[in-house]
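# Summary of the model geometry
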Amino acid sequence: MQVAKMISSDAAATAEAEASRHGMTSRPYEMVRQLGSCNAVVVFSARGCPMCTVAERLLFSLGVGPTIVELDRHVEGPDIREVLRELADGQGQQQPVPAVFIGGKFLGGVEALMACHINGNLVPLLKHSGALWL
């Protein structure tokens, strides 16, 4: 079972083409890719989002210190949210936040995170990404 999905260069190229068609620059795509690949765990979040809080607290309770990007405080938050919406749509999710990346791979939202935790796949995934050492 595949629990995470890489942002492939083909997907990035397609997303960039789509963005340029809508008048957006490729910068938000590059920011998402860069943050996701340079940090063991990244949570794209929004203040006041209860599911974002659930995702963050679960990770903290496991001893992980994720990089948290609050989109409502970020200059390019709306554009980044559109990138995340496209990723979420690709997995049949309704909401773009929270968006969880582990080891450079897009895991999904809170549902995917909780499913991995319940199935016992989350801790090994976090260890493999370098977010947990024990």
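Residues numbered from 1 in each chain as written. Predicted model: local features only at pLDDT ≥ 70, side-chain atom pairs only at ≥ 80, totals over all residues. Heavy atoms only, no water.

## Quick look at the packing of helix H2 (residues 27–38) against helix H4 (residues 77–90)
One way to put it is that H2 packs onto H4 with a least axis distance of 8 Å and a crossing angle of 70°. Compared by their axis directions, H2 and H4 come out roughly perpendicular. Between H2 and H4 lies a crossing whose hand is right-handed. Contact residues: Pro 28, Tyr 29, Met 31 and Val 32 in H2; Asp 79, Ile 80, Val 83, Leu 84 and Glu 86 in H4. Of the residues that constitute the contact of H2 with H4, the class distribution is seven nonpolar, no polar and two charged. (Axes fitted to C-alpha atoms, helices over the stretch in contact; angles between N-to-C directions. Helix = DSSP H or I, 4+ residues; strand = E, 2+ residues; numbered from the N terminus. Parallel < 35°, antiparallel > 145°, perpendicular 65-115°, else oblique. Left-handed = near helix turned anticlockwise from the far one by under 90°. Contact = heavy atoms within 4.5 Å. Nonpolar A, V, L, I, M, F, W, Y, C, P; charged D, E, K, R; others polar.)

## Focus on the pattern of salt bridges
This model, assessed by the stated rule, comprises five salt bridges. With a closest N to O distance of 3.1 Å, Asp 72 and Arg 47 form a salt bridge. Here Arg 47 lies in the loop between strand E2 (41–45) and helix H3 (50–61) and Asp 72 lies in the loop between strand E3 (67–70) and H4, a separation of 25 residues in the sequence. According to the relative accessible area criterion, Asp 72 is partly exposed, its value standing at 36%. Between Glu 70 and Arg 73 there is a salt bridge whose closest N-O contact spans 3.3 Å. (Salt bridge = Lys/Arg side-chain N within 4 Å of Asp/Glu carboxyl O. Buried < 20%, exposed > 50% of the residue type's maximum accessible area, 1.4 Å probe, protein only.)

## Quick notes on the packing of aromatic side chains
Under the defined criterion, the tally for this structure stands at two aromatic pairs. Taken together, a centroid distance of 5.6 Å and an interplanar angle of 75° make the contact between Phe 44 and Phe 101 edge-to-face. In this pair, Phe 44 sits in strand E2 while Phe 101 sits in strand E4 (residues 99–102), placing the two residues 57 residues apart along the sequence. Each member of the pair, Phe 44 together with Phe 101, is buried. Ring centres of Phe 101 and Phe 106 lie 5.2 Å apart, and the angle between their planes is 50°; on these two criteria the pair is classed as tilted. Here Phe 101 falls in the buried class, since its relative accessible area comes to 1%. Through successive ring pairs, a cluster of aromatic residues spans Phe 44, Phe 101 and Phe 106. (Phe/Tyr/Trp six-rings, centres within 6.5 Å; stacked < 30°, edge-to-face > 60°.)

## Re a nonpolar patch on the surface
On the surface, a cluster of nonpolar side chains totalling about 350 Å² of accessible area is made up of Met 51, Val 54, Met 114 and Ile 118. Counting only elements with at least two residues in the nonpolar patch, the list comes to H3 and helix H5 (110–119). Among the secondary structure elements, Ile 118 is positioned in helix H5. On the basis of relative accessible area, Ile 118 is assigned to the exposed category, the value being 68%. (Patch = residues over 30% accessible without salt bridge, like charges linked within 9 Å, V, L, I, M, F, W, Y side chains within 5 Å. Areas by Shrake-Rupley, 256 points an atom, 1.4 Å probe, with all protein chains shown as cover.)

## With respect to the side chain of Ser 45
Inspection of the secondary structure assignment puts Ser 45 in strand E2. For Ser 45, a relative accessible area of 1% corresponds to the buried category. At 2.7 Å, the side chain of Ser 45 and the side chain of Glu 56 are in polar contact. (Polar contact = N/O pair within 3.5 Å; in protein donor to acceptor, adjacent residues only side chain to side chain.)

## So, unusual backbone geometry
Both trends apply: most residues other than glycine have a negative phi, and most peptide bonds are in trans. A cis geometry characterises the amide bond from Val 97 onward to Pro 98, with omega recorded as -5°. With respect to the element layout, Pro 98 can be found in the loop between H4 and E4.

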